[in-house]
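Given next are the chains, with one letter for each unit.
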Amino acid sequence: VQLQASGGGLVQVGGSLRLSCKVSGFTWDPDDYAIGWLRQAPGKEREYVASISSSGGRTYYGDSVKGRFTISRDNAKNTVYLQMNSLKPEDTAVYYCVADHYFRTDSRWSRWDYWGQGTLVTVSS
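The rules we used
- Residues numbered from 1 in each chain as written.
- Predicted model: local features only at pLDDT ≥ 70, side-chain atom pairs only at ≥ 80, totals over all residues.
- Heavy atoms only, no water.
- Disulfide = S-S within 2.5 Å.
- Helix = DSSP H or I, 4+ residues; strand = E, 2+ residues; numbered from the N terminus.
- Buried < 20%, exposed > 50% of the residue type's maximum accessible area, 1.4 Å probe, protein only.
- Salt bridge = Lys/Arg side-chain N within 4 Å of Asp/Glu carboxyl O.
- Core = buried A, V, L, I, M, F, W, Y, C linked by side-chain atoms within 4.5 Å.
- Contact = heavy atoms within 4.5 Å.
- Phe/Tyr/Trp six-rings, centres within 6.5 Å; stacked < 30°, edge-to-face > 60°.

(A) Here's a closer look at the state of the cysteines. For the structure shown, the criterion picks out 1 disulfide. C21 shares a disulfide with C97; S-S distance 2.2 Å. What sets the handedness of the C21 and C97 disulfide is the S-S torsion sign, and at about 75° it is right-handed. In this pair, C21 is assigned in strand 3 (residues 17–24) and C97 in strand 9 (residues 93–100), connecting sequence segments 76 residues apart. Here C21 matches C97 in class, with each residue buried.

Spelled out as structure tokens, the structure:
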């Protein structure tokens, strides 16, 4: 099972980025899993960012990103996106995509079945 996050980079305050999470290698129906995003800034605790259900019909966001970030998925491409707008310096972190059979809103690795390498987002002021 592989979760490949991409799309990170350097952006100025107020700018936008779109992260992608390509999912492959699932032994069950690839549509039958929920995907989440977590992030971790240097020296800080891991933080929950967002989740989307297997169908895409249910989403949930952490308080710090609500109204600015949007999670979506294209099951035909086995890809989940995180559109990040109005970026702030405190959004600087490594962003990880995670997957589980159940819809979760948890920042702990142990609560997710799968996770991948992260992608670095740096917001400069």
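(B) Focus on the pattern of salt bridges. All told, the structure shown has 7 salt bridges when counted by the stated rule. The residue D91 makes a salt bridge to R68 at a minimum N-O spacing of 2.7 Å. A residue pair is termed long-range when its members are at least 10 positions apart, and D91 in the loop between strand 8 (79–84) and strand 9 and R68 in the loop between strand 6 (59–61) and strand 7 (69–74) qualify at 23 residues. Classification of D91 by relative accessible area gives buried; the value is 0%. One salt bridge connects D106 with R111, and the closest N-O pair in it is separated by 3.8 Å. For R111, a relative accessible area of 37% corresponds to the partly exposed category. The structure contains a network of salt bridges with shared partners spanning R39, E47, R68 and D91.

(C) Up close: the nonpolar core. Among the nonpolar cores identified, the biggest contains 28 residues, and W37, L82, M84 and Y95 are the most heavily contacted of them. Taken together, the elements giving at least two residues each to this core come down to strand 1 (2–6), strand 3, strand 4 (34–40), strand 5 (47–52), strand 7, strand 8, strand 9 and strand 11 (119–124). Ignoring any residue separated from it by four or fewer positions in sequence, one finds Y95 in contact with A5, L19, W37, L38, R39, V49, F69, L82, M84, G118, T119 and V121.

(D) Highlighting the packing of aromatic side chains. Enumeration according to the criterion identifies 3 aromatic pairs in this entry. Aromatic pair Y48 and Y60: ring centres 6.3 Å apart, planes at 40°, arrangement tilted. Of this pair, Y48 sits in strand 5 while Y60 is found in strand 6, placing the two residues 12 residues apart along the sequence. Here Y60 falls in the partly exposed class, since its relative accessible area comes to 42%. Ring geometry for Y96 versus W109: centroids 5.2 Å apart, planes at 90°, classification edge-to-face.

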